[in-house]
Amino acid sequence: MTAPLSTLAAPPAAPLAIGPHTVQPPVVLAPMAGITNAPFRTLCREFAEGVRGFGGRPPMDAASDGKGLFVSEMITTRALVERNEKTMQLIHFDATETPRSIQLYGVDPVTVGKAVRMIVDEDLADHIDLNFGCPVPKVTRKGGGSALPYKRPLLRAILREAVSNAGDLPVTMKMRKGIDDDHLTYLDAGRIAVEAGVTAIALHGRTAAQHYGGTADWDAIARLKEHVPEIPVLGNGDIWSADDALRMVRETGCDGVVVGRGCLGRPWLFGDLVAAFEGTGETARPTLREVAGVMRRHAELLGEWIGDEARGVIDFRKHVAWYLKGFSVGSQLRKQLAITSSLAELDELMAGLDLDQPWPDGADGPRGRTSGNNRVVLPDGWLKDPYDHAGVGADAELDTSGG
């Protein structure tokens, strides 16, 4: 089922240029650990391109031009260079994915440079995004993710190594406002990125200390856009609907949006976003029967990707609560759905749902992690001097990918 878009007028749909790639509409799937693997990217792309839908936008040919940009899970540069088995699976792209977009995490400039050169030499991707926004302790305690931009020379060295080794591949970066309200870094980081030759910047309007709590600061996105007019700025944070995306562009002047938690259990949001930015179509309001169909396909795709049905269904379990949010489903049935281990079991349980339920009111709100006001775990003495990073080296690299 579908519903009309709100009365918010669509902003001018100016194409977003990421190097040689045109991203139209300017909508990007944010990398999320354990989420944005090839199966989930496939679902999101199908809805964006109209290959899959709920009767709103007419389907497009599956071979038509892509709509939006869909980024891989976070890939650790050390693990990539060492050809870690899990990492090599995570960088697999479906033949229909174009452009192929990889997000890299690294702390050591030399290792980052090697990873970028490997991607170029082996034609592993068409676009490289660098992660300076992850707030999780296992990343920040090594000086990575959202902790790293505080060390300005280290950030500059990593960006220069990445860009100089990327050849014709565009390099972008994703970051947060800073470590906390007393240690904001995003304006300095934006200027360093421009000087290093970065193609575009995405800003999550929260600090690392906020994690995913509170409200994203869209004013910071507007300030960054004013600060680095030379390159596109993408906004991220609290986009739960297509209307939110339009409002962010209108209020901040950003060149596009990056959507993370808003699409958890809602891959059809990308169809809504395309319709909103193109000024056509309607928003999806699927029945539970339609949602169950997407759930089944998601689990099946995971099994095919992993190469094991049971492992695919097990990996799918974490998505169940997100898909079912707002629908009337008994607690016992929810628990059973969250411990399934086969497609047959999943089918049997979903057949017991009241599948004729319409889309529930209030189902578009926050999903995923919402914790905030946490102490940021940092290396000893990290905040003493923003210009000293002598203690950060190759041993600070994570050895596994996926966040």
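In this report, we go over the structure that sits alongside the text. Because the structure is predicted, anything quoted here is derived from the model rather than measured.

Analysis parameters
Positions within a chain are numbered from 1, following the residues in the order the chain's sequence is written. Local features in this predicted model are restricted to residues whose pLDDT is 70 or higher, and side-chain atom pairs enter the listing and the counts only when it is 80 or higher, whereas totals over whole chains, interfaces and linings include all residues. To obtain the side-chain values, all non-hydrogen atoms of the structure were used and water was disregarded. Strands are runs of DSSP state E lasting at least two residues, helices are runs of H or I lasting at least four, and both sets are numbered from the N terminus onward. Buried residues are those whose accessible area, probed at 1.4 Å on protein chains only, stays under 20% of the maximum for their type, while exposed residues exceed 50% and partly exposed ones sit between those limits. In what follows, a contact means two residues having at least one pair of non-hydrogen atoms within 4.5 Å. Note on areas: Shrake-Rupley with a 1.4 Å probe; residue coverage comes only from the protein chains shown. Note on definitions: angles span 0 to 180 degrees between N-to-C directions of axes, and those axes are lines fitted to C-alpha atoms, for helices only across the stretch in contact. Roughly parallel means an angle under 35 degrees; roughly antiparallel, over 145; roughly perpendicular, 65 to 115; everything else is oblique. By convention, the crossing between two helices is left-handed when the near helix turns anticlockwise from the far helix through less than a right angle, and right-handed when the turn is clockwise. Between N or O atoms, a polar contact is any pair within 3.5 Å; within protein, one atom must be a potential hydrogen donor and the other a potential acceptor, and residues adjacent in sequence are included only when both atoms are from side chains. The criterion for an aromatic pair is that two Phe, Tyr or Trp rings (for Trp, the six-membered ring) have centres within 6.5 Å, with stacked assigned to planes under 30 degrees apart, edge-to-face to planes over 60 apart and tilted to the rest. One speaks of a salt bridge when a side-chain nitrogen belonging to Lys or Arg is within 4 Å of a carboxyl oxygen belonging to Asp or Glu. For cavity detection a 1 Å grid was placed over the protein atoms alone, and a set of points counts as a cavity when a 1.4 Å probe fits there but cannot get out; an open set counts as a pocket when protein lies on both sides within 12 Å along at least five of seven lines, with lining residues being those that have an atom within 4 Å of a point. Grid points are joined across faces, edges and corners, and a volume is the space filled by probe spheres set on the points. In this classification, the charged set is Asp, Glu, Lys and Arg, the nonpolar set is Ala, Val, Leu, Ile, Met, Phe, Trp, Tyr, Cys and Pro, and all remaining amino acids, among them Gly, are polar.

### Thoughts on the overall build of the chain
Okay, step 1: Scanning the chain for helices and strands turns up 15 helices and 12 strands.
Okay, step 2: In the chain, which comprises 403 residues, the share counted as buried stands at 58%.
Okay, step 3: Considering only contacts in the chain between residues 6 or more positions apart, those separated by 24 or more positions represent 75%.
Okay, step 4: Summing over all exposed atoms, the chain offers an accessible surface of approximately 15,800 Å²; the carbon and sulfur share of this is 49%.

### What about the packing of helix α9 (residues 242-252) against helix α10 (residues 269-278)?
Pairs of packed helices are described in terms of their axes, by the angle between the two and the distance that separates them.
Okay, step 1: Packing of α9 against α10 brings their axes to within 8 Å, and their N-to-C directions diverge by 45 degrees. Put simply, α9 runs oblique to α10. Where α9 crosses over α10, the handedness of that crossing is right-handed. Facing A242, A245, L246 and V249 of α9, the residues of α10 in contact are L269, D272, L273, A276 and F277.

### Let's talk about the environment of E230
Okay, step 1: As for its placement among the helices and strands, E230 is situated in the loop between α8 (218-227) and β10 (233-236).
Okay, step 2: On the accessibility criterion, E230 (47% relative accessible area) is partly exposed.
Okay, step 3: Linking E230 and T199, residues 31 residues apart in sequence, is a C-alpha distance of 9.3 Å.
Okay, step 4: Here the side chain of E230 touches R191 through a polar contact of 2.8 Å, side chain to side chain.

### Some points on the packing of aromatic side chains
Okay, step 1: All chains considered together, the criterion is met by 6 aromatic pairs.
Okay, step 2: Each ring, one from F327 and one from W359, has its centre 5.8 Å from the other, and the planes form 85 degrees; the classification is edge-to-face. One end of the pair, F327, is in the loop between α13 (320-324) and α14 (331-337); the other, W359, is in the segment after α15 (343-351), with 32 residues separating them in the sequence.
Okay, step 3: Residue W359 is classed as buried on the basis of its relative accessible area of 11%.

### Concerning the pattern of salt bridges
Okay, step 1: Enumeration according to the criterion identifies 21 salt bridges in this entry.
Okay, step 2: The partner of K318 in a salt bridge is D315, with the nearest N and O atoms 3.0 Å apart.
Okay, step 3: Owing to a relative accessible area of 35%, K318 belongs among the partly exposed residues under this scheme.
Okay, step 4: By relative accessible area, which is 22% here, D315 ends up partly exposed.
Okay, step 5: Linked by salt bridges that have partners in common, R100, D123 and D126 make up one network.

### Brief notes about empty space enclosed by the protein
Okay, step 1: Per the stated rule, a full pass over the model turns up 2 cavities of 30 Å³ or more.
Okay, step 2: As a volume, the largest cavity reaches approximately 140 Å³.
Okay, step 3: If you trace the largest cavity, you find 17 residues lining it, with V28, D129, T172, A202 and L234 closest to the centre.
Okay, step 4: Among the elements of the structure, β2 (16-18), β5 (69-76), β7 (127-132), β8 (171-176) and β9 (200-204) are those that each provide at least two residues to the lining of the largest cavity.
Okay, step 5: Considering only residue class, the lining of the largest cavity consists of 13 nonpolar, 2 polar and 2 charged.
Okay, step 6: As a volume, the second largest cavity reaches approximately 30 Å³.
Okay, step 7: Lining the second largest cavity are T77, L104, Y105, G106, V112, L130, N131, F132 and I158.

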